[in-house]
Amino acid sequence: MTTNQKRKILERLQSLECDIEALKRCRIDIAVRGYASATLSSGGGSKSYTRLDLSKITELIAELQRETRQLRNLLAGKSANPITSHYICWG
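If you're wondering where the values come from, they're calculated on a predicted model, not measured in any experiment.

Participant: Tell me about a nonpolar patch on the surface, and name the residues and values.
Facilitator: Among the surface-exposed residues, M1, L10 and L75 lie close enough to one another that they form a single nonpolar patch of about 280 Å² accessible area. Tracing the sequence through the fold places L10 in helix α1 (residues 3-33).

Following this line, the structure appears as structure tokens:
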């Protein structure tokens, strides 16, 4: 693996960890207050999540955590399942 590939993986890991933490905070707000919203933007458009989408937020967190594990495995020289990319941008 080249240095550039490692750098890109590390940048993606940092982005994933930030997104996961933001989604966890949103999920807690929804659970505690009964309402909250989050908007995720990606190349394919944007999605809004609200109280009614609590399970979808939990599913997205799990997907991002799987991608994080796969990228860490790649950096450690282990095999990884195919990685599904989620390009999330918090505004």
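Resuming the write-up.
Participant: Explain the environment of A31 to me, and be specific about the residues and the numbers.
Facilitator: Structurally, A31 can be placed in helix α1. A C-alpha to C-alpha distance of 8.2 Å links A31 and L54, two positions 23 residues apart in sequence.

Participant: Give me the lowdown on the confidence of the model for the protein chain, citing residues and values where you can.
Facilitator: Low-pLDDT portions of the prediction should not be read for the details of their coordinates. Looking at the protein chain, the pLDDT average stands at 81 and 76% of residues meet or exceed 70. For the protein chain, the element scoring lowest by mean pLDDT is strand β1 (residues 38-42), at 71; helix α2 (residues 54-75) scores highest, at 92.

Participant: Talk me through α2; I want residue IDs and the actual numbers.
Facilitator: A rise of 1.5 Å per residue sets the reference length of α2, with its 22 residues, at 32 Å; its end C-alpha atoms lie 32 Å apart and thus fit the reference within 8%. Taken together, the buried positions of α2 are I57, L60, I61, L64, E67, T68, Q70 and L71. After α2 finishes, the residue G77 shows a positive phi value of roughly 85°.

Scoring rules and cut-offs
Residues numbered from 1 in each chain as written. Predicted model: local features only at pLDDT ≥ 70, side-chain atom pairs only at ≥ 80, totals over all residues. Heavy atoms only, no water. Patch = residues over 30% accessible without salt bridge, like charges linked within 9 Å, V, L, I, M, F, W, Y side chains within 5 Å. Areas by Shrake-Rupley, 256 points an atom, 1.4 Å probe, with all protein chains shown as cover. Salt bridge = Lys/Arg side-chain N within 4 Å of Asp/Glu carboxyl O. Helix = DSSP H or I, 4+ residues; strand = E, 2+ residues; numbered from the N terminus. pLDDT = per-residue confidence, 0-100. Expected span 1.5 Å × (residues − 1). Buried < 20%, exposed > 50% of the residue type's maximum accessible area, 1.4 Å probe, protein only.

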